[in-house]
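# A structural walkthrough
One letter stands for each residue in the lines below.
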Amino acid sequence: LQIEVLNGKVDDVAAHREIQMIGIDDSTPNRIGVIVRQRNDSLTVQPTAALDANARENLRILTNFASVMYPVSGRWKGQKAVRGKDLSCGGVAFYTAVPLEEREIVEIVLPVTDEPLVVKTQVIRIVQESGGLPLYAAKFVDLIHDEEALIRKAVFSIQIRTSN
């Protein structure tokens, strides 16, 4: 495969012997490959193995956004503040002062997509941060294909912006 590396980052990428290539949509296969040659801003990569669909879901991008959440299955009411920590195609990690329980479902407004997107999430883990708000890891539930595509686009866009 021939890959053009943008923004003068070719040497940063070429410093890795093996790279993961994650497609932006389901029609593009995910692969692991070995860099076999570099010429100017282009790399030649020899694919060595296929990655399953989980590779896309497990790609986590650190992000920092302020937003809100709404209860679905919890015992609290109203709109509560959240601060995003990271985002993947499969879920989000966020801080909030509201005590949440494992398996609780909340709707979170994701302001990092092209248009703000309200998605259902289920709390899968509670991580107590020292001296601050608790951190919650949540997975997306009941997403439709268009929502998945918008979140995937946002994850890759954030990755591109933060690597510049």
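Description of the structure in this document.

Analysis parameters
- Residues numbered from 1 in each chain as written.
- Predicted model: local features only at pLDDT ≥ 70, side-chain atom pairs only at ≥ 80, totals over all residues.
- Heavy atoms only, no water.
- Salt bridge = Lys/Arg side-chain N within 4 Å of Asp/Glu carboxyl O.
- Helix = DSSP H or I, 4+ residues; strand = E, 2+ residues; numbered from the N terminus.
- Contact = heavy atoms within 4.5 Å.
- Core = buried A, V, L, I, M, F, W, Y, C linked by side-chain atoms within 4.5 Å.
- Buried < 20%, exposed > 50% of the residue type's maximum accessible area, 1.4 Å probe, protein only.
- Pairing = 2+ DSSP bridges.
- Axes fitted to C-alpha atoms, helices over the stretch in contact; angles between N-to-C directions.

This next bit is on the pattern of salt bridges. Side-chain pairs of opposite charge can arise whenever the charged atoms involved come near each other. Here the structure, examined in full by the defined rule, presents two salt bridges. For Arg75, the salt bridge is made with Glu101, and the minimal N-O distance between the two is 2.4 Å. You can see Arg75 sitting in the loop between strand 5 (61-71) and strand 6 (80-87) and its partner Glu101 sitting in the loop between strand 7 (91-95) and strand 8 (105-110), a full 26 residues away along the chain. For Asp114, the salt bridge is made with Lys153, and the minimal N-O distance between the two is 2.7 Å. Remark: Lys153 occurs in helix 3 (residues 145-162) and Asp114 occurs in the loop between strand 8 and strand 9 (117-127); sequence separation between them is 39 residues.

A word on the environment of Thr121. As for its placement among the helices and strands, Thr121 is situated in strand 9. Sequence separation between Thr121 and Phe140 is 19 residues; the distance between their C-alpha atoms is 4.4 Å. Aside from chain neighbours lying at most four places away, what touches Thr121 is Val92, Glu104, Ile105, Val106, Ile108, Ala138, Lys139, Phe140 and Val141.

Of all hydrophobic cores here, the largest spans 24 residues; its most connected members are Met69, Phe94, Leu100, Leu110, Phe140 and Ile151. Taken together, the elements giving at least two residues each to this core come down to strand 5, strand 6, strand 7, strand 8, strand 9, strand 10 (135-141) and helix 3. Residue contacts for Phe140: discarding those within four places in its chain leaves Leu87, Ser88, Cys89, Gly90, Gly91, Val92, Leu110, Val119, Lys120, Thr121 and Ile151. Formed by seven residues, the second largest nonpolar core is a distinct cluster that contains Val5, Ile19, Met21 and Ile35.

Right, let's get into the pairing of strand 2 (residues 18-21). Side chains Ile19 and Met21 project from strand 2 onto a buried face, and the interleaved Glu18 and Gln20 project onto a face without burial. In this structure, strand 2 lies alongside strand 3 (residues 30-39), joined through four bridges in antiparallel fashion. Note on strand 3: the bridge partner recorded for Ile19 is Gly33.

Let us look at the sheet that holds strand 6. Read around the barrel, six strands follow the order 5-6-7-10-9-8 and close on themselves; strand pairing throughout is antiparallel. Looking at each pair of strands side by side, their axes are set apart by 45 degrees on average, direction ignored. Direction of pairing for strand 7 relative to strand 10: antiparallel, over a ladder of five bridges. Across the sheet, residue Ala93 finds its bridge partner in strand 10, namely Ala137.

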